[in-house]
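These are the residues of each chain, in order.
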Amino acid sequence: MGSDPACKENAGPNPQSDAVLVSKDGALQNAFVYVKDGLDPSYTFEPVTTPVVLDQKGCTYVPRVLGVRVNQPVVLTNDDATFHNIHALPTTNREFNHGLAVKGQTQQEVFTKPEVMVRVKCDVHGWMAAWVGVVAHPFFAVSAADGSFALTGVPPGTYTVEAWHERFGTQTAQVTVTIHQAQAVAFSFAAK
């Protein structure tokens, strides 16, 4: 971060990577968890018009991992007093690369197809990375600092639920949901 005075100033004396965030009791943050398979293809979901924000703040992406629905607006923001860009590297969706030259500048994008995961980088600051999970339904979450997540409103059925992490890969579980009954599922990732 020392190559950019604005980044050095915001980072403090000992900046740490946020790629792997594990609590003292071993809970993993920033795993993207979603219903991968099993939804009835006849289900339809209201489009989402409320944007999600991917910010460049302190010369990092905030949040590092986020989920969006297909065609949901994503507002890309520069909250730093330095030049950043947001370069999305999808395999299914359209690639984009926007320079955000001044603090407060924004750009809006959408992903038009499901894709887990889309890598996002800043070409100016090579350490900056984010990941976007794009799904066609509302049944996804990002694990919190305590490792918890909730997929709410899932209709009755049997599903494949997947947890993805940028360093530890994926884990899947079969889950059967019945009416008015919560189901617990836990994922365990091995250190690599």
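Only a predicted model underlies this, so the values are computations on that prediction, with no experimental measurement involved. (Residues numbered from 1 in each chain as written. Predicted model: local features only at pLDDT ≥ 70, side-chain atom pairs only at ≥ 80, totals over all residues. Heavy atoms only, no water.)

Colleague: What is the right way to read the side chain of His84 from this model?
Modeller: In this structure, His84 sits in strand 8 (residues 84–89). Side chain to side chain, His84 and His125 meet in a polar contact 3.1 Å long. Contact partners of His84, with chain neighbours within four places excluded, come to Gln56, Cys59, Asn78, His98, Gly99, Leu100, Cys122, His125 and Met128. (Helix = DSSP H or I, 4+ residues; strand = E, 2+ residues; numbered from the N terminus. Polar contact = N/O pair within 3.5 Å; in protein donor to acceptor, adjacent residues only side chain to side chain. Contact = heavy atoms within 4.5 Å.)

Colleague: How do you make sense of the sheet that holds strand 12 (residues 129–135) when you look at a structure like this?
Modeller: Within a sheet, adjacent strands bond to each other through the backbone by hydrogen bonds, running parallel or antiparallel. On the basis of which strands lie adjacent, the open sheet formed by 5 strands has the order 6-12-11-8-9 and mixed pairing. On the outer flanks of this sheet lie strand 6 (65–69) and strand 9 (96–100), each paired with one strand and no other. The mean angle between the axes of side-by-side strands here comes to 25°, regardless of whether they run parallel or antiparallel. Looking at chain direction, strand 11 (residues 115–121) and strand 12 are connected through 5 bridges and run antiparallel. (Pairing = 2+ DSSP bridges. Axes fitted to C-alpha atoms, helices over the stretch in contact; angles between N-to-C directions.)

Colleague: How should unusual backbone geometry be read in this particular structure?
Modeller: When glycine is set aside, most residues are seen to have a negative phi, and most peptide bonds are trans. The omega torsion of the bond from Val62 to Pro63 falls at 0°, within 30 degrees of zero and hence cis. In this structure, Pro63 sits in the loop between strand 5 (60–62) and strand 6. Look at the link from Val116 to Met117: it is a cis peptide, with omega at 5°. Inspection of the secondary structure puts Met117 in strand 11. In the Ramachandran plot, His180 falls in the positive-phi region, its phi being about 55° despite a non-glycine side chain. Mapped onto the secondary structure, His180 falls in the segment after strand 15 (169–177). Among the residues examined, His180 registers a relative accessible area of 83% and is labelled exposed. (Buried < 20%, exposed > 50% of the residue type's maximum accessible area, 1.4 Å probe, protein only.)

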